[in-house]
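Survey of secondary and tertiary structure
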Amino acid sequence: MTLINASLLAGLALAAVPIVLHLMMRAKPKKIEFPALKLLQTRQTANSRRMRVRHLLLLLLRALLIITAVIVLARPSLPAAQYGLRWYEWLILLCVAAGAFGLYRWRSRQAEQQERAAHVLRERRDRLRSFAAVGGVLAAAVLVGLPWGYRVYGEVTAPRSPLSPDVPVAAVFAFDTSLSMTYKHEGSTRLEVASEMGKTHLSALPGGSLVAVATSKPDSEPLFQADLAGVRSRIDDLRTTSTPVTMNRIIRGAIDAQVEDRQQRMEETGTTDQFIREIYVFSDMSIAAWDETDESDLKNLLTSHDWLRIYLIDVSVDNPNNTSLSALTLDREAIVGGQDVQISTTVSATPAAPTTATLEIFMVSDDGDAVAGGSVRGTPRQTVQFQGSPPVKTFSIIGDASQPFQRGYVRLASPDPMPFDDTLYFTFGVTPVPRILLVGDGDLDTWFVKNALQPELAERRGTVWYRCKTITGGAFAQETLAQYDVICLHNWTRPDPDVWVELNNYVSNGGSLFLSTGGAEQLSAAHWGTPEAEALLPGVPLVPVPFRQEPGRQLNLTADSHPVCRAFADDPEALTALSQALFDKCWTFDVAADTRVLMSYNDRFRRPALLERSVGSGRVLMFSSAMDNNGPTSRLWNESFINNWVFLMFLDQTMQYLTGVSEIKRNFTVGDPIELSVPAGKRFSNYLLKRPGLRQTPGRFGIDEQSILLTDIDQAGHYELRSADEDVAFTMEFAANEIDGESELLVITDEELKAVLGEERFSRVEDPEQLDRAVNLGRIGIEVFPVLMGLLIILFCLEHLMANYFYDDEPEPESGRSLATP
């Protein structure tokens, strides 16, 4: 126990005043001659004994009254522990009190039946009251007091540090600087409120204290310093970060800093630690900032370092009002001029937000000017209504062939208290029309694929998605293969060995090859099974086989993560349509060892349907069934597949993958590493990265590297990377958006915190007054001033009642009763 005003204990000497007065002013007995009442003489001994007891009780009460008053003014406190009675202890105490009272009432009734003299009955009742009171107190002490004392003793023994308000403190002020702390309420952001509370508490620290500041930045390191003015300046300079670490990591870093500093100072001084160790966490307690799996193992760490106290200062707002945009997606991030790109975003709102919201889309010109709508197909403003799950809104933008990159942003028309999640940025590329070379035995063999890629009607209207050229096998030798993005072989029965050599060179240098073997019943094994063909093909065709089970076989995705398969795996409607397409026939293959099967049939042999093989810097895809229905035998392969709209999607996704369009990524999340590929013919040594806010940073590109890795994308917006070499023209644009989870304002519960930090290992407060009380409780202990004041009032009332009872006259005997004993 500690005392805030220990000097006042000198007032305990005043407790001797009633004793001195009692001895000096003790009343002397008066002799009264009353021969007629001899009964008074027989009761003189009993009356004097009772009077002495009353005198001693009154003396004791008056002394206790003065002692309690002095202790109250000294304001004692107890070490932090659970001093309150548990529910079962209250129950036992109630049972003891009820038992003592019941015993007294039972024995009193028996005495009334046995005794008729009033004075004898009164004496027996006094003894019964004393016996019941003493017995009840003893029973309560044994059944409740002893277990309570052992429990509290175990909590307060072996104090962890000196408990005095003057002992210096070594504190870590850990500030949550994630973007959710930008929420503004009553004119102040959560970070500003946290900073003010931190500076206020900093001023209240004892002299000689040490303070370190930690934030959510990945490179934040708490360093203790005695210059509290410098700490205050550091708090004033706090800014939010787009790449925050979890609160678990912040607290783990603060604990490690405390342990290291404590051990170092104990080794230097050779004594025990002279500081009270505390960690203050200022946060809005957003659940997104916490790792509920607790990979930092905070619970066990705090158990092993029980001398450390943690205070969680919750600066969140009850019932926040926020509308946010998240999950920005583009159906493709590189398109051909004239094609549409679909841009979708999810709109979410808290319960206190308005029930409707309006979205706007803007395109950004090369000069940085925002144009409402721009090349948007349809209205550039859309309104959503919040009912049930968060709605998803989609905008359609037409690709401009005159610009290699197009950029823009989607935003909420009306701002709210947390502006960072009101805007999402996007960028997509506009590529030249891919050039496709289609080769077959005749024009009829490639006509179906050509019209699936580039319909004649669309081409006549000026919409060109693929620039296709069809030739026969006899004209293949006259073609310059390097000018084509993809070469497709369909139903070419007898390619010469030189063809495989040329195709191998083309693919090895970065070209793409697509082959379909179905529809041609008479593929020549002598031409498709040569060593030159085996070096290139994913598998050598062996023999066509029918699926005998009715009504045919279906396709299964065996590589969901592959770009071609992922397009179907992410689209339930397309996946359903793909599963409904039935196949009646396929080729079997002698599959190469380094071939990857992307799709297979669901027959019992799981025969491969779509195969891929990497050769040099290029790739080869091979399909084992028909890709047309022109010939009489082609219809016997998979008519339900090639007449289904999913066939067009399959062919388009295959061409996007082979041209490299589906692998191009230009929209990222802040904090993620970004890898930008550079073509072999566009290598350079130096580059400039233009960032949001008119900032730009230089960088170097190694001569042996094939891509640029950026790890410092720390702000949402549009980026542009340009070659700084005068002889090389290279530009790459991309966009970055904030982490979607930062918009989550749901507050973590105490139960979830206990699962991370442990039971009774932290104090959670919401304002400076609560923080002061929690800190006083942690440093000094539990102040018993209110309890002692209540005891003082009780003692004063008892003294008053005892004094009145002491001077009361003896009650008159009841009429009809004799004063003499029977």
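On a predicted model such as this, the values are computed, not experimentally measured, just so you know. Once a new chain begins, its residue numbering starts again from 1 and follows that chain's sequence as written. It should be noted that, the model being predicted, local features are given only for residues of pLDDT at least 70 and side-chain atom pairs only at 80 or more, the latter also being counted only at that level, while totals for whole chains, interfaces and linings use all residues. Remark: hydrogens and water are excluded; side-chain values derive from all non-hydrogen atoms of the structure.

What follows concerns the overall build of the protein chain. Each helix corresponds to a stretch of at least 4 residues labelled H or I by DSSP, and each strand to a stretch of at least 2 residues labelled E; elements are numbered beginning at the N terminus. For the protein chain, the count of helices and strands is 21 helices and 37 strands. In this scheme, a residue with accessible area under 20% of its type's maximum is buried, one over 50% is exposed, and one in between is partly exposed, where area comes from a 1.4 Å probe on protein chains only. Out of the 822 residues in the protein chain, the part that is buried amounts to 45%. Taking the intrachain contacts of the protein chain between residues at least 6 apart in sequence as the baseline, contacts between residues at least 24 apart amount to 75%. Shrake-Rupley sampling with a 1.4 Å probe provides the accessible areas, and residues are treated as covered by the protein chains on show and by no other component. Within the structure as shown, the protein chain displays about 42500 Å² of accessible surface, and the carbon and sulfur contribution to it stands at 54%. Contacts were defined at the residue level, with two residues in contact if any of their heavy atoms lie within 4.5 Å.

Strand order in the open sheet made by the 4 strands is E9-E11-E16-E14, with antiparallel pairing throughout. Edge positions in the sheet fall to strand E9 (323-330) and strand E14 (376-377), since each has one partner strand and no second. Pairing of E9 with strand E11 (residues 340-349) involves 6 bridges; the strand directions are antiparallel. Along E11, the bridge assignment pairs Ser-324 with Ser-348. For two strands to be treated as a pair, DSSP must find no fewer than two bridges joining them.

Further remarks concern the side chain of Ser-743. Residue placement: Ser-743 occurs in the loop between strand E35 (731-737) and helix H19 (750-757). Polar contacts, as counted here, are pairs of nitrogen or oxygen atoms within 3.5 Å of one another; within protein the pair requires one atom able to donate a hydrogen and one able to accept it, and residues that are adjacent in sequence qualify only if both atoms are side-chain atoms. A polar side-chain atom of Ser-743 sits 2.9 Å from a polar atom in the side chain of Asp-421. With near-sequence residues (within four places) excluded, Ser-743 lies in contact with Asn-322, Ser-324, Met-418, Phe-420 and Asp-421.

Paired rings are identified among Phe, Tyr and Trp, the last through its six-membered ring, by centres lying within 6.5 Å, and are further divided according to the angle between planes into stacked (under 30 degrees), edge-to-face (over 60) and tilted (the rest). What the rule picks out here adds up to 16 aromatic pairs. An angle of 65 degrees between the planes, with centres 5.2 Å apart, marks the rings of Phe-173 and Tyr-280 as edge-to-face. Taken as a pair, Phe-173 in strand E3 (residues 169-175) and Tyr-280 in strand E7 (residues 276-283) lie far apart in primary sequence, 107 residues in all. Of the two residues examined, Phe-173 and Tyr-280, each falls in the buried class. Through pairs of rings, three or more aromatic residues link up here, namely Phe-173, Phe-175, Tyr-280, Phe-282 and Tyr-311. Each ring is checked for a lysine NZ or an arginine CZ that lies within 6 Å of its centre and within 35 degrees of its normal; such an atom marks a charge sitting over the ring. A cation over an aromatic ring shows up here: Arg-262 above the ring of Trp-307, its NZ or CZ 4.3 Å from the ring centre. Sitting above the plane of the Phe-668 ring, Lys-665 keeps its charged end 5.6 Å from the centroid.

Bringing the pattern of salt bridges into the picture now. In what follows, salt bridge is the name for a side-chain nitrogen of Lys or Arg lying within 4 Å of a carboxyl oxygen of Asp or Glu. In the structure shown here, the tally under the stated rule is 18 salt bridges. We note a salt bridge from Lys-199 to Asp-236, for which the minimum N-O separation is 2.7 Å. A residue pair is termed long-range when its members are at least 10 positions apart, and Lys-199 in helix H6 (residues 190-203) and Asp-236 in helix H7 (residues 228-236) qualify at 37 residues. A relative accessible area of 12% means that Lys-199 is categorised as buried. A residue is classified by how much of its surface remains accessible, and Asp-236, at 40% relative accessible area, is partly exposed.

Right, let's get into the nonpolar core. To form a nonpolar core, buried Ala, Val, Leu, Ile, Met, Phe, Trp, Tyr and Cys residues must be joined to one another through side-chain atoms within 4.5 Å. Core analysis: the largest hydrophobic core is formed by 43 residues, its most contacted members being Ile-436, Phe-514, Met-599, Phe-623, Phe-641 and Met-655. Ranked by residue count, the leading element in this core is helix H18 (residues 645-659), at 8 residues. Not counting chain neighbours up to four residues away, the residues in contact with Met-655 comprise Ile-436, Leu-453, Tyr-466, Val-486, Cys-488 and Phe-514. Counting residues in hydrophobic clusters, the runner-up holds 33 residues, among them Ile-287, Leu-298, Leu-308 and Leu-757.

Interaxial angle, 0 to 180 degrees, is taken between N-to-C directions of lines fitted to C-alpha atoms, where a helix line uses only the stretch in contact. It is the contact of H6 with H7, at a shortest axis distance of 10 Å, that shows an interaxial angle of 175 degrees. Judged by the inter-axis angle, H6 sits roughly antiparallel to H7. Here Ser-195, Gly-198, Lys-199, Leu-202 and Ser-203 of H6 come into contact with H7, specifically with Leu-228, Val-231, Arg-232, Ile-235 and Asp-236. Here the residues of the contact of H6 with H7 are counted per class, giving 4 nonpolar, 3 polar and 3 charged. Comment on the angle field: the value is read as roughly parallel under 35 degrees, roughly antiparallel over 145, roughly perpendicular from 65 to 115, and oblique elsewhere. Amino acids are sorted into nonpolar (Ala, Val, Leu, Ile, Met, Phe, Trp, Tyr, Cys and Pro), charged (Asp, Glu, Lys and Arg) and polar (every other residue, Gly among them).

Further remarks concern a negative patch on the surface. Patch criteria: residues need more than 30% relative accessible area and no salt bridge. Like-charged residues are merged within 9 Å; nonpolar side chains of Val, Leu, Ile, Met, Phe, Trp and Tyr are merged within 5 Å. By the counting rule applied here, Lys and Arg register as positive and Asp and Glu as negative, while His and the ends of each chain are not counted. Taken as the charge location is NZ of Lys, CZ of Arg, CG of Asp or CD of Glu. A cluster of acidic residues, Asp-496, Asp-498, Glu-502 and Glu-532, forms a negative patch at the surface. Along the chain, Asp-498 falls in helix H12 (residues 497-508).

Residues Trp-87, Tyr-88, Leu-91, Ile-92, Val-142, Leu-143, Leu-146 and Tyr-150 make up a contiguous nonpolar surface patch of about 880 Å² in total accessible area. For the nonpolar patch, the elements supplying multiple residues, two or more each, are helix H4 (87-114) and helix H5 (118-156). Structurally, Leu-146 is set in helix H5. In this structure Leu-146 comes out as partly exposed when scored by relative accessible area, which is 47%.

H18 packs onto helix H16 (residues 572-580) with a crossing angle of 110 degrees between their chain directions and a minimal axis gap of 9 Å. Taken as axis vectors, H16 and H18 run roughly perpendicular relative to one another. The two elements H16 and H18 cross, and the hand of that crossing is left-handed. The segment H16 lies against H18, with Glu-573, Ala-574, Ala-577 and Leu-578 engaging Trp-645, Val-646 and Met-649. For the contact of H16 with H18, the residue count by class is 6 nonpolar, no polar and 1 charged. Helix crossings fall into two classes, left-handed where the near helix is turned counterclockwise from the far one by less than a right angle and right-handed where it is turned clockwise.

Side chains Gln-382 and Val-384 project from strand E15 (residues 381-385) onto a buried face, and the interleaved Arg-381, Thr-383 and Gln-385 project onto a face without burial. Note that strand E12 (residues 356-364) and E15 share 5 bridges and pair antiparallel. Looking at the pairing, Ala-357 lines up with Val-384 of E15.

The strand order across the open sheet built from 5 strands is E29-E35-E34-E31-E32, with neighbouring strands paired in mixed fashion. In this open sheet, the two strands that pair with only one neighbour each are strand E29 (667-669) and strand E32 (695-700). In this sheet, adjacent strand axes meet at a mean angle of 25 degrees when their direction is disregarded. Sheet analysis places strand E31 (residues 686-691) next to E32, joined by 6 bridges and oriented antiparallel. Across the sheet, residue Lys-690 finds its bridge partner in E32, namely Gln-696.

The next thing to look at is the environment of Leu-575. Positionally, Leu-575 belongs in helix H16. Its relative accessible area of 33% is what places Leu-575 among the partly exposed residues. Spatially, the C-alpha atoms of Leu-575 and Leu-557 are 9.3 Å apart, while their sequence positions differ by 18 residues. Once residues lying within four places of it in the same chain are set aside, the contact partners of Leu-575 are Leu-557 and Phe-568.

On to the environment of Arg-277, then. For Arg-277, the position within the fold is in strand E7. Once residues within four sequence positions are removed from consideration, Arg-277 is found in contact with Ala-170, Phe-224, Gln-258, Asp-261, Arg-262, Arg-265, Trp-307, Leu-308 and Arg-309. A distance of 2.8 Å separates the side chain of Arg-277 from the side chain of Asp-261, its partner in a polar contact.

It is worth spelling out H18 at this point. Helix span, as expected, comes to 1.5 Å for every residue beyond the first. For H18, spanning 15 residues, the distance from its first C-alpha to its last is 22 Å, which sits close to the expected 21 Å at 1.5 Å a residue. Phi for Gly-660, located one or two positions after H18, is positive at around 85 degrees.

Remember that the coordinates give geometry; whether it matters functionally is a separate question.
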